[in-house]
Amino acid sequence: MNTETATKKVVGYVRVSTTEQAQSGLSIEAQTHAITEYAARVNLAPPEILVEAESGKNLTGRPILTAILADMQAGEVATLIVWRQDRAFRNTIDALVAAREFQRSGCQLLSVTDAIDLDTPDGELIYTFKAALGQYERRQIALRTKVALEAAKRRGTKVGRTPIGFTRLSKTAFEPNNTIEAVRQIQALSAAGRSTRAIATTLNEQGIQAPAGGIWRHSTVAYILKSPAYTEVTA
């Protein structure tokens, strides 16, 4: 590390919403631990952890990340570490704009779970592809959820509350958040023959918070398995 780089800081960016705390792998504590451990593993200085809670879909709704990028442009940040690429950028445009700024400033973007290398054409291609794929998957899930809920309403099924694993954007539009992984796990365990009580016990043993806090109950698991809102969600 040269003298100039040594004077710059290493930043760990953690993004999580209240609903995403239901998925243990995305908790503030888990992301912080993973980022700190990763920094030590690649011989970087202990990172300054900055947390973005209840963040928006793009950079305009992310004051913490916006401030980090401003510090990066001012030459104050040597490395930005995230748990996963989509923790920082949730749409393709933001990802591409940020990539150009990383390249101009010389700041290194690292991910605990993704191999990111913006210094090579192949690395930039993979970064761009992941950003586009992530946006595509979120929009597809949101569309399937909307269609499933509208179909349920036409059949006379009452669908009142926001489905677990989603954020309500409007009366009929929903966007998946990363608690959808808990829903996928419930469906996988059910497909493997586990009862709703056994699934609830497994989730509690893994430390995954229930959507309303506290522990998982078999009735919540049963609701997810029976609700038409989830019929197409994880297809």
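Before reading on, note that the structure itself is shown above.
Let us look at the structure shown here. (Residues numbered from 1 in each chain as written. Predicted model: local features only at pLDDT ≥ 70, side-chain atom pairs only at ≥ 80, totals over all residues. Heavy atoms only, no water.)

### Description of the pattern of salt bridges
Here comes step 1: Taken as a whole, this structure holds six salt bridges when the rule is applied.
Here comes step 2: In the salt-bridge network here, residues are joined through shared partners; they are Lys 9, Glu 48 and Asp 71. (Salt bridge = Lys/Arg side-chain N within 4 Å of Asp/Glu carboxyl O.)

### Some thoughts on the environment of Ile 116
Here comes step 1: Secondary-structure assignment places Ile 116 in the loop between β4 (108–111) and α6 (121–154).
Here comes step 2: Classification of Ile 116 by relative accessible area gives buried; the value is 13%.
Here comes step 3: The spacing of Ile 116 and Tyr 127 is eleven residues in sequence and 6.4 Å in space, taken between C-alpha atoms.
Here comes step 4: Ignoring anything within four residues of it in the chain, the contact list for Ile 116 reads Gln 85, Leu 109, Ser 111 and Tyr 127. (Helix = DSSP H or I, 4+ residues; strand = E, 2+ residues; numbered from the N terminus. Buried < 20%, exposed > 50% of the residue type's maximum accessible area, 1.4 Å probe, protein only. Contact = heavy atoms within 4.5 Å.)

### Observations concerning the environment of Ala 198
Here comes step 1: Positionally, Ala 198 belongs in helix α8 (residues 196–205).
Here comes step 2: Ala 198 sits in the partly exposed class, given a relative accessible area of 23%.
Here comes step 3: Placed 23 residues apart in sequence, Ala 198 and Val 221 show a C-alpha to C-alpha distance of 9.8 Å.

### Focus: unusual backbone geometry
Here comes step 1: The phi dihedral of Asn 43 is positive, around 65 degrees, even though this residue is not glycine.
Here comes step 2: Relative to the helices and strands, Asn 43 resides in the loop between α2 (28–41) and β2 (48–53).

### Re the pairing of strand β3 (residues 77–82)
Here comes step 1: For β3, the buried fraction is high: six of the six residues fall into the buried class.
Here comes step 2: Of the strand pairs in this sheet, strand β1 (residues 9–16) and β3 are connected by five bridges, and their pairing is parallel. If you follow Val 11 over to β3, its bridge partner there is Leu 80.
Here comes step 3: In the sheet, β3 pairs with β4 via four bridges, with the strands oriented parallel. Considered in β4, the bridge of Val 82 is made with Ser 111. (Pairing = 2+ DSSP bridges.)

### As for the pairing of β1
Here comes step 1: Counting buried positions over the eight residues of β1 gives seven, a clear majority of the element.
Here comes step 2: With six bridges connecting them, β1 and β2 associate as parallel partners. Along β2, the bridge assignment pairs Tyr 13 with Leu 50.

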